[in-house]
Every structure is written in structure tokens, then in C-alpha cells.
Amino acid sequence: VKQTAPAVVNVYARRVTRQQVDPFWQLFGGGVPQARVEQSLGSGVIVRADGIVVTNNHVVQGGQEFMVVLNDRREFPAKVLLADERSDLAILKLDTTGQKFPTINLQEGHNLEVGDLVLAIGNPFGVGQTVTNGIISALGRNIGLTAYADFIQTDASINPGNSGGALVNMDGKLVGMNSAILSRSGGSMGIGFAIPSSM
């Protein structure tokens, strides 16, 4: 956790929308449309020391402004370099002045096995960085979320806000990016899914 947590960040996506006014008040000349700020929250992982962050596309989709907050509470504006809806992946670049950041190395190859111990690191419900543990429950799951059918299933607790966060092994390598949960309540029920780092 000490090795990997500093490279897991919070990602805030912000957009301004026009809120329509009740048509009744428009009849009397009132009701000017109001600007409304919508903000979403997710997690991300720094994979390159110059500030390259990977996250889920659904964390940044529709956003107009992006802010990344590090574990040490430093904040950096970011821009989207790539967003791919088919794979639910997005790549952000932190707007910095040449600073170097902590990173997590990606697990190379496909040598994951069911039963491997893993940690899920992210920012569930916006409460702050949280670490949960579990195992890899299954491999190669097709959950219909993306065009690809190769999700890692884990019983490590993943909740809203964990999207884009890290799934790491006991060697401190990034084996996946937490992306989705299967839940009837909206919270963790022990069935979470991560995009493999090989993707």
C-alpha cells in the first residue's frame, strides 16, 4: 500500500449545463435559463512520472473541465488526451511545470490466476482514498459493459467512486483498473470487475 497508494488519484470532471425554467413562468416573461454545474467523481492511476493518468471513460465522459487530486492533496488541472468509449478507457495529462509523480508499474503478461490476492485502491463515495482487499474470483468475464470480454472479477470491495482506481497484486503491480460492480443496492456485494492492465 505504501508503494502504490501515492500513484492513485481522485479525478473530478465538471461541466456546466443550462437548466430550463418551468414553461409556466416563461409565459409571463420570467424564467431565464440558469447555468447548473454538474460534477462527477472517480479515481485514476498515474502510470508515467510526467503526469499521465489512466482512468475510465465513464468518469470523464461529458466533462468540460478536469481536476486531479493526489494522495498528498495537491491538485492539478488535467486534459483528456484520449477517451475510448468501446474499451471504457481514458488517458489524462496533468498540467504541471515539469514535476515528477509517483507511478505504479503495470503487470506484464497474462499470468493472473484465480485466487491471487489483490488490493483495490480508490475513492469510494468521495470519502477519501480507501484500500480494500480480496482475491481474483474469475478471469475473462464478459459483462456487456465494453466491446471487449476480458474483465477480471474480484471480491475486493469496489463502490461508486472507485471507477478508474487501481487493482494491484502483492508485488505492487497494477493488474487492473476497477471499472464496474454487480449490485442490487448500488454498493459493493463482492462482485467487482476490473479492466486488465494488459488491455
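Residues numbered from 1 in each chain as written. Predicted model: local features only at pLDDT ≥ 70, side-chain atom pairs only at ≥ 80, totals over all residues. Heavy atoms only, no water.

A.B. asks: Describe the pairing of strand β6 (residues 89-94), listing the residues and the values that go with them.
C.D. replies: Only one face of β6 is buried: it carries A90, L92 and L94, and the other face, with L89, I91 and K93, is open. For strand β3 (residues 52-56) and β6, the ladder comprises 5 bridges, and the chain directions are antiparallel. Bridging across to β6, V53 finds its partner in L92. In the sheet, strand β5 (residues 75-84) pairs with β6 via 6 bridges, with the strands oriented antiparallel. Across the sheet, the residue bridging to V80 is L92, located in β6. (Buried < 20%, exposed > 50% of the residue type's maximum accessible area, 1.4 Å probe, protein only. Helix = DSSP H or I, 4+ residues; strand = E, 2+ residues; numbered from the N terminus. Pairing = 2+ DSSP bridges.)

A.B. asks: If you had to explain the environment of S40 to someone new, which residues and values would you point to?
C.D. replies: Mapping S40 onto the fold places it in strand β2 (residues 34-48). We classify S40 as partly exposed; its relative accessible area is 31%. C-alpha of S40 to C-alpha of V60: the two residues are 20 residues apart in sequence and 7.9 Å apart in space. Dropping the residues within four chain positions of it, S40 is found in contact with V11, Y12, A13 and V59. (Contact = heavy atoms within 4.5 Å.)

A.B. asks: Lay out the nonpolar core with the relevant residues and their values.
C.D. replies: Ranked by internal contacts, the top residues of the largest apolar core, which has 27 residues, are V68, L70, L94 and I104. No other element matches the 4 residues that strand β1 (residues 8-19) contributes to this core. Ignoring any residue separated from it by four or fewer positions in sequence, one finds L70 in contact with V9, I46, F76, L94 and F101. Grouped together as the second largest cluster of nonpolar side chains are 10 residues, L112, I158, L167 and V175 included. (Core = buried A, V, L, I, M, F, W, Y, C linked by side-chain atoms within 4.5 Å.)

A.B. asks: Please set out unusual backbone geometry residue by residue, giving values where relevant.
C.D. replies: Unlike most non-glycine residues, R73 shows phi in positive territory, near 80 degrees. Relative to the elements of secondary structure, R73 occurs in the loop between β4 (65-69) and β5. For D88, which is not glycine, the phi dihedral falls at a positive 60 degrees. By relative accessible area, which is 5% here, D88 ends up buried.

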